[in-house]
Amino acid sequence: MHVFIGVRERRLAGSGLAFIFLTTLLWFLLAKSSWHSGRFLDQAIAGRHFPSDCGVSDDFSTLQAPVIYFVTPTYARREQVAELTRLSHTLMHVPNLVWVLSEDAETCSRLVAEVALRSRLPHVRLARPMPRKYKQDVLHKTKTGYKKKKKEPRGVANRNAALDWIAKNASIEGVVYFGDDDNTYDLRLFDEIRSTQGVSLFPVGLLGERGVSGPVVSDNGSHVIGFTDPWFHDRLFPIDMGGFAVNVELIRTSGARMPFIPGAEEDEFLKALGVPKESMEAKAGNGTLVLVWHTQSVKRPVPKVEPEDVREQTNLTPLLRTLELQGTAVVSNEGGKPLPKCLESHCPTH
Ligand code: UGA
Ligand code: MN
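Here's a quick rundown of the structure. These figures come from a predicted structure and were not determined experimentally. (Residues numbered from 1 in each chain as written. Chains lettered and ligands numbered in written order. Predicted model: local features only at pLDDT ≥ 70, side-chain atom pairs only at ≥ 80, totals over all residues.)

1. Points about the sheet that holds strand β14 (residues 281-282)
Phase 1: With respect to topology, eight strands assemble into an open sheet ordered β1-β4-β3-β2-β7-β13-β9-β14, the strand pairing being mixed. Of all strands in the sheet, those bounded by a partner on one side alone are β1 (53-56) and β14.
Phase 2: Here strand β3 (residues 97-103) runs beside strand β4 (residues 123-127); their pairing, made up of five bridges, is parallel. From the neighbouring strand, Leu 101 faces β4, where its bridge partner is Arg 125.
Phase 3: Its contacts with the sheet put helix α4 (residues 80-91) on β2 (67-74) and β3, and the angle it makes with β2 is roughly 175 degrees. (Pairing = 2+ DSSP bridges. Helix = DSSP H or I, 4+ residues; strand = E, 2+ residues; numbered from the N terminus. Contact = placed C-beta atoms within 7 Å. Axes fitted to C-alpha atoms, helices over the stretch in contact; angles between N-to-C directions.)

Below is the structure:
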C-alpha cells in the first residue's frame, strides 16, 4: 500500500502519459485484490479527501440481534493512531458489534479507514466537523479574574452524525454506546450493556478526584435512586458519557441528539430520551463493578523531524514516511530536528 501511495503522489505531480497508464493499471489491480471489506479499499487508498458519509463494510449480514453500535467520536492528533489501534484490539474480541467511527472532520481520513479495515469488524465511517462558531474562546472565572479559555462541545457534531446514521440505517435491533477512543473497556461491559431495553447506567472508573461516576442503586438492586459524580452542577443525570447505553428503538422514537453545550452533553441527551432515572436499568453488578475507565493519554504536539539523507539507504526514510502517515511526526527541512541515531562502530557494544 505504501508503494502505491508513493506512486500516486508522483502521478499527481504529472509525469507523463505512460506513467498515468501504469499507475491506473496498478490502481485497478490493487482495488480488485481481495481485501476484507473490499468496498472500502477504493476509498481508503484513493486519497485524503473522502465524502462525509464514507460508507459501511460488507459484512453486516453475519450480525445477530441484539447488536452493539459502538459509537466512537475521534479527531486527528498525534496520539490518535495508538488510541484507535488499542481500542480496535478490544473491540475485535466482541461478537455482534458494529463500530461506528465518526470523525470530527470535514472528510474521512485514510488513517481511520486503515484502522477500521485492519480490525476486520463490521464498521461504518462518518465525518462531521464541529461547527466553526463553537471553536472560540469563552470567558472563565479563575482565582485571579476572568480568563479566556477554550471550552468546546467536543465530539458532539460527530456523535450526532452517528446517531443520524443509526436512526436511519440500523436494521438490526440493538444498543447504542458512546465509546470514546481513549477510554479502557473491560470485555464484560459488552455482555452487560447488550441487554439494555431502554437506558442502562453503570459506573465509570478513574473519573475525577474520587475516581468514579455512576448510578446509586437501591439496596435490593431494583432501582436507580441517584448518582455519584465529581460534578453535579444542577444536572438531572450527572453521569459520564461512558456510563450509559441506550436501546436503538429509543433513539428512534425520542429523536434525542446531543446539544452543543460544553458540560451538558450527557444530561441533555439523557433528558431528551424521556426516561426517568427510576426506570433506568442498573448494569455492571447493579452498579457495583467498574467495567470502563476514563483513561487519558498525555497529549503532546506533533514533532517536526528533519528528513534523512536519502543516500544513506536505510529504513529511516520509509520509517519517517510511516510516522507522517500516522500523524505522529511532520517531516520537514524547515525547522525539523534530525533523528538522534548511532551507526555501526559508533553504537555502544555493551
Ligand atoms: C470527557 C468525557 O469523558 C467525554 O465523554 C466527553 O465527550 C468530553 O469530556 C467532553 O465533552 O469534552 P475527555 O477525556 O475530557 O472526556 O475528552 P476527550 O477524550 O478529549 O474527548 C472525548 C471524545 O471526543 C474522544 O473520543 C475524542 O476523540 C473526541 N473528540 C475530542 C472529538 O471528536 N473532537 C475534539 O475536538 C475532541
Ligand atoms: Mn477522554
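2. Describing the environment of Gly 226
Phase 1: The residue Gly 226 is located in strand β12 (residues 224-228) in this model.
Phase 2: Overall, Gly 226 belongs to the exposed group, with 12 C-beta atoms counted inside 10 Å.
Phase 3: When the C-alpha positions of Gly 226 and Pro 238 are compared, they lie 8.9 Å apart, and in sequence the two are twelve residues distant. (Buried ≥ 20, exposed ≤ 12 C-beta atoms within 10 Å, placed from the backbone.)

3. Quick look at the site of ligand 1
Phase 1: Lining the immediate environment of ligand 1, one finds 15 residues, of which Asp 104, Arg 154, Gly 155, Asp 180 and Met 241 sit closest.
Phase 2: Broken down by class, the residue content of the shell around ligand 1 amounts to three nonpolar, five polar and seven charged. (Near = placed C-beta within 6 Å. Nonpolar A, V, L, I, M, F, W, Y, C, P; charged D, E, K, R; others polar.)

4. Here's the deal with the environment of Leu 201
Phase 1: Turning to its location among the elements, Leu 201 is positioned in strand β9 (residues 199-201).
Phase 2: With 80 residues separating them along the chain, Leu 201 and Glu 281 place their C-alpha atoms 6.1 Å apart.
Phase 3: The residues touching Leu 201, leaving out its near neighbours within four places in the chain, are Gly 214, Pro 215, Val 224, Ile 239, Gly 243, Phe 244, Met 280, Ala 282 and Lys 283.

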